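# A structural walkthrough
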Amino acid sequence: MNMMTDAAVVARHEAARAAIQVGGEFLTFRLGAEEYGIDILKVQEIRSYEQPTRIANAPAFIKGVVNLRGVIVPIVDLRLKLGCAAEYSPLTVVIVLNVRGRVVGAVVDSVSDVLELSKDAIKSAPEMASAVDAGFITGIGSVTTGDVQRMLILMDIEALMASHEMGLIGE
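These lines cover the structure that appears in this document, whether it is placed above or below. (Residues numbered from 1 in each chain as written. Predicted model: local features only at pLDDT ≥ 70, side-chain atom pairs only at ≥ 80, totals over all residues. Heavy atoms only, no water.)

### Considerations on the sheet that holds strand E5 (residues 71-77)
Pairing between sheet strands relies on hydrogen bonds along the backbone, with the strands arranged either parallel or antiparallel. What counts is decided by this rule: By this definition, two strands are paired if DSSP reports at least two bridges between them. Under the scheme used here, helices are H or I runs from DSSP no shorter than 4 residues and strands are E runs no shorter than 2 residues, and both carry numbers assigned from the N terminus. A fitted line through C-alpha atoms serves as each axis, taken over the contacting stretch for helices, and the angle formed by two N-to-C directions is quoted from 0 to 180°.
Read from one edge to the other, the open sheet built from five strands follows the order E3-E6-E7-E5-E4, with strand pairing classed as mixed. Looking at the sheet topology across the chains shown, the edges are occupied by strand E3 (43-48) and strand E4 (62-68). The mean inter-strand angle of the sheet, taken between neighbouring strand axes irrespective of direction, is 30°. Pairing between E4 and E5: six bridges, direction antiparallel. Bridged to Ile62 within E5 is Val76.

### Some details on the pattern of salt bridges
Two side chains of opposite charge can pair, provided their charged atoms sit close to one another. For clarity, the cut-off: Salt bridges are defined by distance alone: a side-chain nitrogen of Lys or Arg within 4 Å of a carboxyl oxygen of Asp or Glu. Each residue is placed in one exposure class: buried if its accessible area under a 1.4 Å probe, protein chains only, is under 20% of its type's maximum, exposed if it is over 50%, and partly exposed if it falls in between.
Throughout the structure, instances matching the rule amount to nine salt bridges. Across the salt bridge formed by Glu50 and Arg47, the nearest N and O atoms sit 3.2 Å from each other. Taking relative accessible area as the criterion, Glu50 reaches 38% and is therefore assigned partly exposed. A network of salt bridges, in which partner residues are shared, links Glu45, Arg47, Glu50 and Arg69.

### Some words on empty space enclosed by the protein
The line we're drawing: Put simply, the grid is 1 Å and covers the protein atoms alone, a cavity is a trapped set of points that fit a 1.4 Å probe, a pocket is an open set with protein on both sides within 12 Å along at least five of seven lines, and lining residues have an atom within 4 Å of a point. Grid points are joined across faces, edges and corners, and a volume is the space filled by probe spheres set on the points. Each residue gets one label: Ala, Val, Leu, Ile, Met, Phe, Trp, Tyr, Cys and Pro are nonpolar, Asp, Glu, Lys and Arg are charged, and the others, such as Gly, are polar.
The full count for this structure, using the stated rule, is two cavities of 30 Å³ or more. By volume, the largest cavity amounts to about 60 Å³. Lining the largest cavity are Arg47, Ser48, Glu50, Val66, Leu68, Ile75, Val94 and Val96. Elements with a contribution of two residues or more to the lining of the largest cavity: E3, E4 and strand E6 (93-99). Grouping the constituent residues of the lining of the largest cavity by class yields five nonpolar, one polar and two charged.

### Observations regarding the packing of aromatic side chains
Spelled out, the test is: The criterion for an aromatic pair is that two Phe, Tyr or Trp rings (for Trp, the six-membered ring) have centres within 6.5 Å, with stacked assigned to planes under 30 degrees apart, edge-to-face to planes over 60 apart and tilted to the rest. Cation placement over rings: the criterion is NZ of Lys or CZ of Arg within 6 Å of the ring centroid and within 35° of the ring normal.
This model, assessed by the stated rule, comprises two aromatic pairs. Ring plane angle 15° and centroid distance 5.8 Å describe the contact between Phe29 and Tyr36, whose orientation is recorded as stacked. Across the pair, Tyr36 and Phe29 agree in class, each one buried. Taking NZ or CZ as reference, Arg79 lies 4.6 Å from the ring centre of Tyr88, over its face. Geometry around Phe61 places Lys81 over its ring, the cationic atom sitting 4.9 Å from the centre.

Right, dumping it as structure tokens:
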């Protein structure tokens, strides 16, 4: 990457952080024991998991490709990418995303629901070691359901899918 590309990536990520801080709607999903949220506007559809066609020499986290109504869609297993155990069950789904005009599928353990979070319910993510590169975490949402409070890791899915190491989306 060059300096112009680096600056563009940083600017897009900072814009995503700023957008998270004003709140909005998030699709929530599980990866292992953790619950994550992504901007609902990046989600095109949710599909049941089907075995993709494997691509030779692709990294293990790229499961392959599927044909989605005439569009060839790369499928990324976020569980493998983020170091979680990957067990396929009837709840395993693919979240089909539209990232910078490109369609990409993300395998997750399950999808929970769509939540609207106010800016007061979202806090800055602390700097710490985690399965997700801290650069892709835009905040932590606090969700209260009845007497139960849970934490939601808000992820900049566009930055993750467009990262250089994924190799899915050109600059």
